[in-house]
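Coordinate inspection notes
Chain by chain, the residues:
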Amino acid sequence: MSSNIIKFLESSSIENPCLVIDMKVVEKSFSKIQKAYLGSDIFYAVKANPAKKILESLNRMGSKFDVSSRKEIELCLSLGIEPSKLSYGNTLKKSDDIAWAYKNGVSLYVFDAVEELYKISDNAPGSRVFCRLQVPNQGAHWPLSNKFGCSKDMAKELLLLANTIGLLPVGISFHVGSQQTNIKKWEKALAMCKEVYLFLKKNKINIDFINIGGGIPISYLEDSYNFDIFSRELNRVLRNVFDNNTPNIMLEPGRFIVADAGIIESEVILVSKKQLNQKNRWVYLDIGRFGGLAETEGEAIRYKMEVKGNQGNKGPVIIAGPTCDGVDILYEKSSYQFPLRLKAGDKVRIYSTGAYTSVYGSNFNGMPKLKEYFINSN
Ligand SMILES: *Cc1c(COP(=O)(O)O)cnc(C)c1O
């Protein structure tokens, strides 16, 4: 968490709501993950925050990139990132987009269905492909549900098929769900990968890598966990599942790289009560579910929030966004507490908001879009 962002906010008069990213923290997080998973290939999940500054800096540090659309590929290529460093990691791709990516040098594609596999062989012949497994996502704070992946048995069949229709089967992937704090979910998923891996080996196909996805958590309000202990555990699981013979590992961290590098500053628009003696106050901020805080849906991700300046005694609040939509409520059940003296115009800082915020922001209701600023603290 960067106190330099706070210094920057105190010394400048930028309009709220704004997101400030400290590039030094991005770089530190990348180094941390590089060291913790020595020898593995790191593909930053561009969707978490596709800001040019972030992509450029990670590219300089040797990162590769997990991209999910033609626009994300175009963005990377426009920054001089080699197409050989891109993995087209969305299981949902239009034929035209595959053909375009192929023409522009992208050679690594994911699939989880037979139709997708044929789309790739038709539009990107000879490419390297990996199959995504459907794995349990329970326990993840932002699960990716059953939407992605296929069963082990289907994966075996499709990877064999890939080999016969002119594609190179090179990997198996999964994603345990974003902000997944339960190491057992990786263990289960890796055991599934191992079965497919051994099956392929028996059939004379030696794949290059196991892609263990994203999901690596950060500390939000109440998940205080230790990255070093978590990574030691995950490395132990990686060795155990594969009996000390672990294939190359590919990682696709998104949240872990950028979340802690960002703080949003927002402004209180109104503090109110609906009844004379109501205990809970409603606090309306100038940013909500449609302005970038989409991951508060179902109160899934609980950000740490702090009111700037004089604190005093606190009391319970319901926190909502600024739009005329009834679902634009951030936290109703999560018992947040704000100072009793809170009033319109006060600033509220929302921590660990560098991931999955700026990209979700719309200007629904004519609200200003979340502006992003970058600092480089030393
Ligand atoms: C979103 C996504 C990621 C990043 O996940 P995090 O939990 O943010 O690390 C990685 N891989 C794929 C395929 C994704 O869809």
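Residues numbered from 1 in each chain as written. Predicted model: local features only at pLDDT ≥ 70, side-chain atom pairs only at ≥ 80, totals over all residues. Heavy atoms only, no water.

Before going further, it helps to spend a moment on the overall build of the chain. Counting its regular elements, the chain contains 10 helices and 18 strands. Taken against the 2.2 N^0.38 rule, which gives 21 Å for 378 residues, the C-alpha radius of gyration of the chain at 22 Å falls within 12% of a compact globule. Overall, the C-alpha framework of the chain stretches about 75 × 40 × 40 Å when taken along its three principal axes. When the 378 residues of the chain are sorted by exposure, 54% land in the buried category. In the chain, the share of contacts with a sequence separation of at least 24, taken over all contacts with a separation of at least 6, comes to 71%. Counting every atom, the chain has about 16800 Å² of accessible surface; 49% of that belongs to carbon and sulfur. (Helix = DSSP H or I, 4+ residues; strand = E, 2+ residues; numbered from the N terminus. Rg over C-alpha atoms; globule rule 2.2 N^0.38 Å. Buried < 20%, exposed > 50% of the residue type's maximum accessible area, 1.4 Å probe, protein only. Contact = heavy atoms within 4.5 Å. Areas by Shrake-Rupley, 256 points an atom, 1.4 Å probe, with all protein chains shown as cover.)

Another aspect to go through is the environment of Ala-261. Locating Ala-261 in the fold gives a position in the loop between helix H10 (255–258) and strand E12 (262–272). In this structure the C-alpha to C-alpha distance between Ala-261 and Thr-353, which are 92 residues apart in sequence, comes to 7.6 Å. If near-sequence neighbours (up to four positions away) are discounted, Ala-261 is found in contact with Ile-5, Val-20, Ile-21, Asp-22, Val-25 and Val-26.

Both faces of the sheet carry side chains from a regular strand, because those side chains alternate between them. Most of strand E13 (residues 281–285) sits out of view: 5 of its 5 residues are buried. Side-chain alternation along E13 places Arg-281, Val-283 and Leu-285 on one buried face and Trp-282 and Tyr-284 on a second face that is also buried. Summarising the sheet, E12 and E13 pair through 4 bridges and their orientation is antiparallel. Bridge assignment links Ser-272 to a residue of E13, and that residue is Trp-282. In this sheet, strand E15 (residues 314–320) lies alongside E13 in parallel orientation, the contact comprising 4 bridges. Residue Tyr-284 lies in a different strand from E15, and its bridge partner there is Ala-320. (Pairing = 2+ DSSP bridges.)

To continue, consider the domain arrangement of the chain. Accessible area lost on assembly of the parts is the figure often given for the size of an interface. Annotation of the chain at the domain level lists domain 1 (24–259) and domain 2 (260–375). Relative to domain 2, the C-alpha centre of domain 1 lies at a distance of 33 Å. Taken together, the contact between domain 1 and domain 2 spans 22 residues of the former and 22 residues of the latter. Of the roughly 1900 Å² buried between domain 1 and domain 2 on both sides combined, carbon and sulfur atoms contribute 60%. In this assembly, domain 1 and domain 2 are joined by 1 salt bridge. (Domains from an automatic or database assignment. Buried area = accessible area lost by both parts, 1.4 Å probe. Salt bridge = Lys/Arg side-chain N within 4 Å of Asp/Glu carboxyl O.)

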